[in-house]
Amino acid sequence: MSVKSSSKSSIRFICQCCSKPLKLSQSVGTLSLSTTQQQPAPPLPLAPGKSGGTQAEDPTSRKETEIANLQDGASYGPLLDDSLMSWESSMSWETSNTFTLLRNVCCIRTLNSIQETILDIFDILSSEKEVDHPLCEECTNNLLKQLDTQITITESESQMYRRCLETKELTMCEDEMEALQMELKSLELEEARLVQELDDVEKNWKQAAGDLEAAQAETEKLDQQEKQFQRDYSILKQQQLELFDELMSLENQLQYAQIQLGRLMKTNIFHMTFDIWHEGPLGIINNFKLGCLPTVPVSWSEINAAWGQTALLLLALSKKMGLEFKRFQLVPCGNHSYLKSLTDDSVQLPLFHYREQSVFLDKFDLAMVAFLDCLQQLKEKAEKGGLRLPYRIVVERGQMEDPGDRGEYYSIKTFLNTEEQWTKTLKFMLVNLKRVLTWVSQR
């Protein structure tokens, strides 16, 4: 349709077919929108020398006359160029009743109002026809030529159909009719067969649709079961991993316990608890020296502690071997250990001594003799098991025999005894205890 700019005062028109700018005729501006809306379509002029015709006129000649009139009307051309005839010359304004005045026409009309009126006219024409307006002269002529050609073709086809109907050329012979009837029957049979096949296909389709719905429902159910199985599997997998971790932890603990057990089984608890060795004539138990020499002075507190460790060792060995002493009971109390008489509860023999307590020296000697008595009982128990101790004990005299030194005896008492001999006797006693300790540990 028409193209408007942003300003109302300047409206330009282009051809809706070739898009070329148009120059309007000066006579178009004299028309008003109300006159155009009420203006009836002018009758097409007749060809020269022809009248309106009568009812008896030949149809073919009447059509040719109408085509000629259309062509004559097309010679008026469009309303858009100065070379075209004005709207006043293309329409018949002889009768005053052909339009109705709707409003007063202003005597002074502006260019803007004229352009708006023309624009409204083109809009009305475009809504009434299939062709958009405005059109240039060349495009209008081409359009009219196309319309003339379509009218000519339509008229020739119409005349051909009329002649066919008049001459009854559409009638056929009986053979052709029978052939067509047979073809029609075959086509009807084919149609019936196709209809039946279509029904079968529809039934099969419905059955397939039902099967598909059942399969989809089963698939959905299986999907839900799969999800549930996956969740259950995840839970069981987690439990398996936790149990596996716990099993690995227990295996590691068991392996560690087995290693510790093997180490403990190889470990001699008596050897670890009671470490006995000697430095020359001095016997040592758990780093406590048992005895003294003029050249190696040892305090009585250390000697008392060594006696406490010795009493504890003898008591442990007796319990391990299942031996119960007959005359004395060992009571290990560190550096204040003592022996208690089993026949007289009031008799307690201390296995400790202080230099300031020389008045109790006889009790200390009696305690050491009683200790030898207990060691002799342990020796006899061990000899029954096949053990032979290197140093023989003479309990009645409180002495120990040294078989390597021409069978000399050394007293365990301090009374009328030298430090060297007393220390040597204590060393023999520790050697016998270590031999019994080794023998018990091997059992």
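Residues numbered from 1 in each chain as written. Predicted model: local features only at pLDDT ≥ 70, side-chain atom pairs only at ≥ 80, totals over all residues. Heavy atoms only, no water.

## A closer look at the packing of aromatic side chains
Counted by the stated rule, this structure contains five aromatic pairs. It is Arg397 that lies over the ring of Tyr409; its NZ or CZ is 4.8 Å from the centre. (Phe/Tyr/Trp six-rings, centres within 6.5 Å; stacked < 30°, edge-to-face > 60°. Lys NZ or Arg CZ within 6 Å of the ring centre and 35° of its normal.)

## A few points about the packing of helix α8 (residues 300–321) against helix α10 (residues 419–442)
Closest axis-to-axis distance for the α8/α10 pair is 11 Å, and the angle between their directions is 30°. The orientation of α8 with respect to α10, classified from their angle, is roughly parallel. The crossing of α8 and α10 is left-handed. Across the interface between the two elements, Trp300, Ile303, Trp307, Thr310, Leu313, Leu314, Leu317, Lys320 and Met321 of α8 pack against Trp422, Leu426, Met429, Leu430, Leu433, Val436, Leu437, Trp439 and Val440 of α10. Along the lines of polarity and charge, the residues of the contact of α8 with α10 split into 16 nonpolar, one polar and one charged. (Axes fitted to C-alpha atoms, helices over the stretch in contact; angles between N-to-C directions. Helix = DSSP H or I, 4+ residues; strand = E, 2+ residues; numbered from the N terminus. Parallel < 35°, antiparallel > 145°, perpendicular 65-115°, else oblique. Left-handed = near helix turned anticlockwise from the far one by under 90°. Contact = heavy atoms within 4.5 Å. Nonpolar A, V, L, I, M, F, W, Y, C, P; charged D, E, K, R; others polar.)

## Digging into the environment of Trp277
Note that Trp277 resides in strand β3 (residues 276–279). Setting aside chain neighbours within four positions, we find Trp277 in contact with Leu282, Gly283, Ile284, Asn286 and Asn287.

## With respect to the pairing of strand β6 (residues 328–331)
Summarising the sheet, β6 and strand β7 (residues 338–341) pair through four bridges and their orientation is antiparallel. Bridging from a neighbouring strand, Leu330 pairs with Leu339 of β7. Taking the residues between adjacent antiparallel strands as the criterion, β6 and β7 are bridged by six residues, where Gly334 takes a positive phi near 70°. (Pairing = 2+ DSSP bridges.)

## Regarding the pattern of salt bridges
Scanning the entire structure with this criterion turns up five salt bridges. Residues Glu190 and Arg193 are paired through a salt bridge, measuring 2.2 Å at the closest nitrogen-oxygen approach. Of this pair, Glu190 and Arg193 both sit in helix α6 (residues 174–266), three residues apart, which is roughly one turn of that helix. The partly exposed category is assigned to Glu190, whose relative accessible area is 33%. For Arg193, a relative accessible area of 42% gives the class partly exposed. Arg392 is paired through a salt bridge with Glu401; the nearest N and O atoms lie 2.7 Å apart. (Salt bridge = Lys/Arg side-chain N within 4 Å of Asp/Glu carboxyl O. Buried < 20%, exposed > 50% of the residue type's maximum accessible area, 1.4 Å probe, protein only.)

## What to know about the nonpolar core
Membership of the largest hydrophobic core comes to 53 residues, with the highest contact counts inside it found for Trp307, Leu314, Leu317, Leu339 and Met429. At the level of elements, α8, β6, α9 (361–384) and α10 are the ones that each hand at least two residues to this core. Among the elements that take part in this core, α9 stands out by supplying 11 residues, more than any other. Core analysis: the next-biggest nonpolar cluster, separate from the first, contains nine residues, Leu22, Ile118, Phe122 and Cys136 among them. (Core = buried A, V, L, I, M, F, W, Y, C linked by side-chain atoms within 4.5 Å.)

## Description of the confidence of the model for the chain
Confidence in the prediction of the chain, expressed as mean pLDDT, is 77, and 73% of residues score 70 or more. Highest mean pLDDT in the chain belongs to α6 (93); lowest belongs to helix α3 (residues 87–90) (36). Confidence drops under a pLDDT of 50 for residues 1–9, and excluding neighbours within four residues, the segment shows 23 contacts in the predicted structure. Residue range residues 32–107 is modelled with pLDDT below 50. Its contacts to residues more than four positions away, or to other chains, number 83 contacts. (pLDDT = per-residue confidence, 0-100.)

## Description of a positive patch on the surface
A cluster of like positive charges, contributed by Lys320, Lys326, Lys381, Lys384 and Arg443, occupies part of the molecular surface. For Lys384, the position within the fold is in helix α9. (Patch = residues over 30% accessible without salt bridge, like charges linked within 9 Å, V, L, I, M, F, W, Y side chains within 5 Å. Areas by Shrake-Rupley, 256 points an atom, 1.4 Å probe, with all protein chains shown as cover. Lys, Arg positive; Asp, Glu negative; His and termini not counted. Charge placed at Lys NZ, Arg CZ, Asp CG, Glu CD.)

## A closer look at the sheet that holds strand β9 (residues 393–394)
Taking strand neighbours across the sheet as the criterion, the three strands line up as β9-β10-β11 in an open arrangement whose pairing is antiparallel. Single-partner strands in this sheet number two, and they are β9 and β11 (408–411). The strands touched by α10 within the sheet are β9, β10 (399–402) and β11, with β11 carrying the most contacts at an inclination of about 100°.

## Quick notes on unusual backbone geometry
Located in the positive-phi region is Ser19, a residue other than glycine, with phi close to 65°. With respect to the element layout, Ser19 can be found in the loop between β2 (11–12) and α1 (33–38). Positive phi, close to 55°, is recorded for Leu416, a residue that is not glycine. For Leu416, a relative accessible area of 79% corresponds to the exposed category.

## Examining the sheet that holds strand β8 (residues 348–350)
With antiparallel pairing, three strands are arranged side by side in an open sheet as β6-β7-β8. In the strand order of this sheet, the two ends are held by β6 and β8, each with one partner. The average undirected angle you get between the axes of adjacent strands in this sheet is 25°. In terms of strand pairing, β7 meets β8 through three bridges, oriented antiparallel. If you follow Tyr338 over to β8, its bridge partner there is Pro350.

## Regarding a nonpolar patch on the surface
A cluster of nonpolar side chains, contributed by Phe244, Leu247 and Met248, occupies part of the molecular surface with about 270 Å² of accessible area. Tracing the backbone through its elements, the reader meets Leu247 in helix α6. Using a relative accessible area of 42% as the deciding quantity, one classes Leu247 as partly exposed.

## Section: a negative patch on the surface
On the surface, a cluster of negative charge is contributed by Glu174, Asp175, Glu176 and Glu178. Looking at where Glu178 falls in the secondary structure, it is placed in helix α6.

## Observations regarding the side chain of Thr423
Following the sequence through the fold, Thr423 ends up in helix α10. For Thr423, a relative accessible area of 0% translates into the label buried. A polar contact is formed between the side chain of Thr423 and the backbone oxygen of Cys292, at a distance of 2.5 Å. Each residue touching Thr423, except ones within four places of it in the same chain, is listed here: Pro281, Leu282, Leu290, Gly291, Cys292 and Leu293. (Polar contact = N/O pair within 3.5 Å; in protein donor to acceptor, adjacent residues only side chain to side chain.)

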